[in-house]
Amino acid sequence: MSGFYDQRMARIFPKYSGVRADGTLEIGGCSVPELAREHGTPLYVIDEQGLRERMREYRDGLAARWPNSQVTFASKSLPVLAAYGIAEAEGLGIDVAGAGELLLALEAGVDPELIHLHGNAKSEEELRLAVEAGIGLIVVDGEAEVERLDALLDRPQDVLVRVIPGVDPRTHKSVSTGGTKSKFGLPIPQAQALIERLRDHPTIRVRGVHMHIGSQILDLDPFARAVEAIAGIGEFEIYNLGGGLGAEYHGGQEAPSIDAYLDTLTEVARRRLPAESRILIEPGRSLVARAGVTVYRVNNVKRTAATFVAVDGGLADQMNAALTATKFTPVIADRADREPDTTAQLVGRQCESGDLLVDGARLASPEAGDTVVLAATGAYGYTLSNNYNGALKPAVVLCRQGDARVAVRRQTYAEFLAPHLAGGPGAWA
C-alpha cells in the first residue's frame, strides 16, 4: 500500500503506512486524522510493526556477520517505556545515557545485564544507581569517573573505556562526537594509559573499548576509519563500535542500508580485531526515525509576505528542526494523494521566529483544521519535547494492524503546574 503523490515518500514515511482510496494517510492500519481527533495534537505516532522489523534487521544482520555480537538500542533516541520493552523482546540490549533512562529500562523489566550506561559527566547518583541495579557495562569517560566508581564498588564491575578515534564525520556539528576536540572519551594515548593503570584493579574490570563518531552520518567511510583507529589500541574482549547511521528525512536524501553499514563495520573488524572478540553496536536514529511521525492540526493559514501555515505545535515538540536544521517532509494527512499546489512556511505556535518546522513546505491546498504530518520524527522528537510557552508534552501512540495503543499519555495542566511550589495571591509578594 502506498498511494502517496510522490512515490519517494513511501521510503520516508513508516514502513506500514499508506494512503487510502479517499486520500487519508494511515499508519499501522490506523487513520491519522482519526488518531488526531481521538488523542489530540500534537501527537507522536509510531508504526510498531515497522519498528520491530527494523530491530530484527539489525539483530539478525549483525549476528549473521559476527555471531559473537549484540545490538543495543540507543534509548536516548526514543525514551519511551514501551520502546524499551519492545527492544528487549526483539533481542536487543539497552544503551542509557542517564538515570532517567536507566529507570525507564528497569521499569520496563529489562534484564540489568543487558543495560549499558554512557555519559561524559556521570554523577555519583547515576553511578550508584547503575551499580546497585547490577547493570552489565559502564562506559567510563575519564579519570574522575574512575575515581567516583572506585569509591562506590565493593564487587567487580565490567567497564569499557571510551576512546576518541579522531574521526570527524560530515554531519551537523551538534551531533559530531568522534573528532579530536570531542567532549566525549579520551584520546588514544590517554585511553591506553588508563587501561594500563586499571589492569590489576580489584573491582573495575576493563573488558574493552567504546567509540562513537556522531549521528546522522550518510557516508560509510568514517565508520571504517574509526574501527581502524581503535584497532590499534590493543586486543580486548569487547569492542563497542557505536552507532550513528543516518536516516532519510526527504526525497533528496539517501541513507546507506543497514546491510551496507554492517558490511563496512564487520569487513574492517575481520581484518583488524580479534576473531573471538565481542562486537557491540548501538543504533538509535536509524532504528526509530522512520517508524515515527508527528501529527499536528493547522490553526491558521496566513498570506502576507509569504504564506504561513501555522500548526498547534512547534519547538516544544520538534526541537530538532532548530537544533540540527533537519529538513522534514510534511504531508496533509486528509489528502496525502494530492499533488502539492502551495509553497508555505510551515511554522509552529511557539513565540520564536526560529519556530520553523519546514522552510518552503510543499502542501496540498492547506486550510485551517487540516491534519499535517511530519515524517521520520521517531528519533528525538519525544526525547526533546518541552514546555516552552506552557505547551503540554504530547502523547505517544503505537499503531499495529489497526490497533492504536497509548504508550505515553498527554501531559495535563495539573502535571505541568505540579513542580511549582505552592502559593496563592500575594504568596511571593
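Everything quoted here is computed from the prediction, not taken from an experiment. (Residues numbered from 1 in each chain as written. Predicted model: local features only at pLDDT ≥ 70, side-chain atom pairs only at ≥ 80, totals over all residues. Heavy atoms only, no water.)

> What's the story with the overall build of the protein chain in this structure? I'm lost.
A tally of helices and strands in the protein chain yields 12 helices and 21 strands. For 429 residues, the compact-globule estimate of 2.2 N^0.38 gives 22 Å, and the protein chain sits close to it at 23 Å. Along the three orthogonal principal directions, the C-alpha set of the protein chain runs to about 70 × 60 × 40 Å. Taken across its 429 residues, the protein chain has 56% of its residues classed as buried. The long-range fraction of contacts in the protein chain, counting pairs at least 24 apart against all pairs at least 6 apart in sequence, stands at 67%. Of the charged side chains in the protein chain, 44 are positive and 56 negative, and the gap between their average positions amounts to 3 Å. (Helix = DSSP H or I, 4+ residues; strand = E, 2+ residues; numbered from the N terminus. Rg over C-alpha atoms; globule rule 2.2 N^0.38 Å. Buried < 20%, exposed > 50% of the residue type's maximum accessible area, 1.4 Å probe, protein only. Contact = heavy atoms within 4.5 Å. Lys, Arg positive; Asp, Glu negative; His and termini not counted. Charge placed at Lys NZ, Arg CZ, Asp CG, Glu CD.)

> What exactly am I supposed to notice about the sheet that holds strand 1 (residues 17-19) here?
Sheet strands line up and pair through hydrogen bonds in the backbone, either parallel or antiparallel. Ordered in space as 1-2-3, the three strands form an open sheet in which the pairing is antiparallel. The open sheet has two edge strands with one neighbour each: strand 1 and strand 3 (30-31). With two bridges connecting them, strand 2 (residues 25-27) and strand 3 associate as antiparallel partners. Pairing of Ile-27 across the sheet is with Cys-30, part of strand 3. (Pairing = 2+ DSSP bridges.)

> How do you make sense of the pattern of salt bridges when you look at a structure like this?
If charged atoms from side chains of opposite charge come close, those side chains can pair. Across all of its chains, the model carries 26 salt bridges by this definition. Sharing partners across several salt bridges, the network here consists of Glu-48, Arg-52, Arg-56, Arg-59, Asp-60, Glu-90, Arg-400 and Arg-405. (Salt bridge = Lys/Arg side-chain N within 4 Å of Asp/Glu carboxyl O.)

> When you look at the environment of Asp-95 in this model, what are you seeing that I'm missing?
Inspection of the secondary structure puts Asp-95 in strand 6 (residues 93-96). Once the C-alpha coordinates of Asp-95 and Ala-108 are considered, the two residues, 13 residues apart in sequence, prove to be 14 Å apart. Each residue touching Asp-95, except ones within four places of it in the same chain, is listed here: Thr-72, Phe-73, Ala-74, Ser-75, Glu-101, His-116, His-118 and Glu-282. Side-chain polar atoms of Asp-95 contact the side chain of His-118, separated by 2.5 Å. (Polar contact = N/O pair within 3.5 Å; in protein donor to acceptor, adjacent residues only side chain to side chain.)

> For this particular structure, what's the right way to read the layout of surface pockets?
Picture a little ball the size of a water molecule; that probe, rolled over the atoms, points out where space is still empty. Volume-wise, the second largest pocket comes out at about 410 Å³. Forming the walls of the second largest pocket are 21 residues, and the residues nearest its centre are Arg-11, Arg-54, Glu-57, Ser-286 and Arg-290. Looking at the lining of the second largest pocket, the elements that each hand over two or more residues are helix 2 (48-65) and helix 10 (285-288). Classifying every residue of the lining of the second largest pocket gives nine nonpolar, four polar and eight charged. (1 Å grid on protein atoms, 1.4 Å probe; cavity = no way out; pocket = protein on both sides within 12 Å on 5 of 7 lines; lining within 4 Å. Points joined across faces, edges and corners; volume = space filled by probe spheres on them. Nonpolar A, V, L, I, M, F, W, Y, C, P; charged D, E, K, R; others polar.)

> What is the right way to look at unusual backbone geometry in this model?
Generally, phi is negative for residues other than glycine and the peptide bonds are trans, each holding for most cases. With an omega of -5°, the peptide bond running from Thr-41 to Pro-42 counts as cis. On the secondary structure map, Pro-42 appears in the loop between helix 1 (32-39) and strand 4 (43-47). Non-glycine residue Gln-401 carries a positive phi angle of around 50°. In this structure, Gln-401 sits in the loop between strand 20 (395-400) and strand 21 (403-408). For Gln-401, a relative accessible area of 76% corresponds to the exposed category.

> Even after reading the chapter, I still don't get the environment of Val-406, so can you show me in this structure?
When you line up the elements, Val-406 lands in strand 21. Sequence separation between Val-406 and Ala-82 is 324 residues, and the spatial gap between their C-alpha atoms is 9.5 Å. For Val-406, the contacting residues outside a window of four places in its chain are His-39, Val-396 and Val-397.

> What am I meant to see in the packing of aromatic side chains here?
For any pair of aromatic rings, the description rests on two quantities: the centre-to-centre distance and the angle between the ring planes. The full count for this structure, using the stated rule, is seven aromatic pairs. An angle of 65° between the planes, with centres 6.2 Å apart, marks the rings of Phe-73 and Tyr-84 as edge-to-face. Highlighted residues: Phe-73 in strand 5 (residues 69-74) and Tyr-84 in helix 3 (residues 81-89), separated in sequence by 11 residues. Assigned by exposure class, Phe-73 and Tyr-84 land together as buried. Measuring from centroid to centroid gives 5.9 Å for Phe-236 and Tyr-239, while their planes differ by 70°, and the two rings are edge-to-face. Taking the relative accessible area as the measure of exposure, Tyr-239 reaches 0% and is therefore buried. Ring pairing ties together the aromatic residues Tyr-58, Phe-223 and Tyr-261, which thus form one cluster. (Phe/Tyr/Trp six-rings, centres within 6.5 Å; stacked < 30°, edge-to-face > 60°.)

> Looking at this model, I keep getting lost on the nonpolar core. Mind explaining?
Nonpolar side chains tend toward joint burial in soluble globular proteins. The biggest cluster of nonpolar side chains holds 119 residues, and the ones touching the most others in it are Ile-281 and Leu-346. Sequence-distant contacts of Leu-346, that is, excluding residues within four places in its chain, are made with Val-309, Val-311, Pro-330, Leu-356, Leu-357, Val-358, Ala-361, Leu-363, Val-372 and Leu-374. Counting five residues, the second largest nonpolar core, distinct from the first, contains Leu-137, Val-139, Leu-160 and Leu-280. (Core = buried A, V, L, I, M, F, W, Y, C linked by side-chain atoms within 4.5 Å.)

> Explain the packing of helix 2 against helix 9 (residues 258-272) here, please?
Axes are the key here: two packed helices are described by the angle between their axes and the distance separating the axes. With their axes 10 Å apart at the nearest point, helix 2 and helix 9 run at an angle of 25° to one another. Here helix 9 runs roughly parallel to helix 2, going by the angle between their axes. The crossing of helix 2 and helix 9 is right-handed. Where helix 2 approaches helix 9, its residues Arg-54, Glu-57, Tyr-58, Gly-61, Leu-62 and Arg-65 are matched on the opposing element by Ile-258, Asp-259, Tyr-261, Leu-262, Asp-263, Thr-266 and Arg-270. Taken together, the residues of the contact of helix 2 with helix 9 sort by class into five nonpolar, two polar and six charged. (Axes fitted to C-alpha atoms, helices over the stretch in contact; angles between N-to-C directions. Parallel < 35°, antiparallel > 145°, perpendicular 65-115°, else oblique. Left-handed = near helix turned anticlockwise from the far one by under 90°.)

> Can you help me understand the pairing of strand 13 (residues 278-281) in this one?
Each regular strand displays side chains that alternate between the two surfaces of the sheet. Relative to strand 13, strand 5 runs parallel, the two sharing three bridges. Its bridge partner being in strand 13, Val-71 is matched across the sheet by Ile-281. Two elements, strand 12 (residues 238-240) and strand 13, share three bridges in a ladder whose sense is parallel. Bridged to Asn-240 within strand 13 is Leu-280. You can see the chain leave strand 12, run along helix 9 and come back into strand 13, and the turn it takes is right-handed. (Right-handed = clockwise from strand over helix to strand, strands pointing away.)

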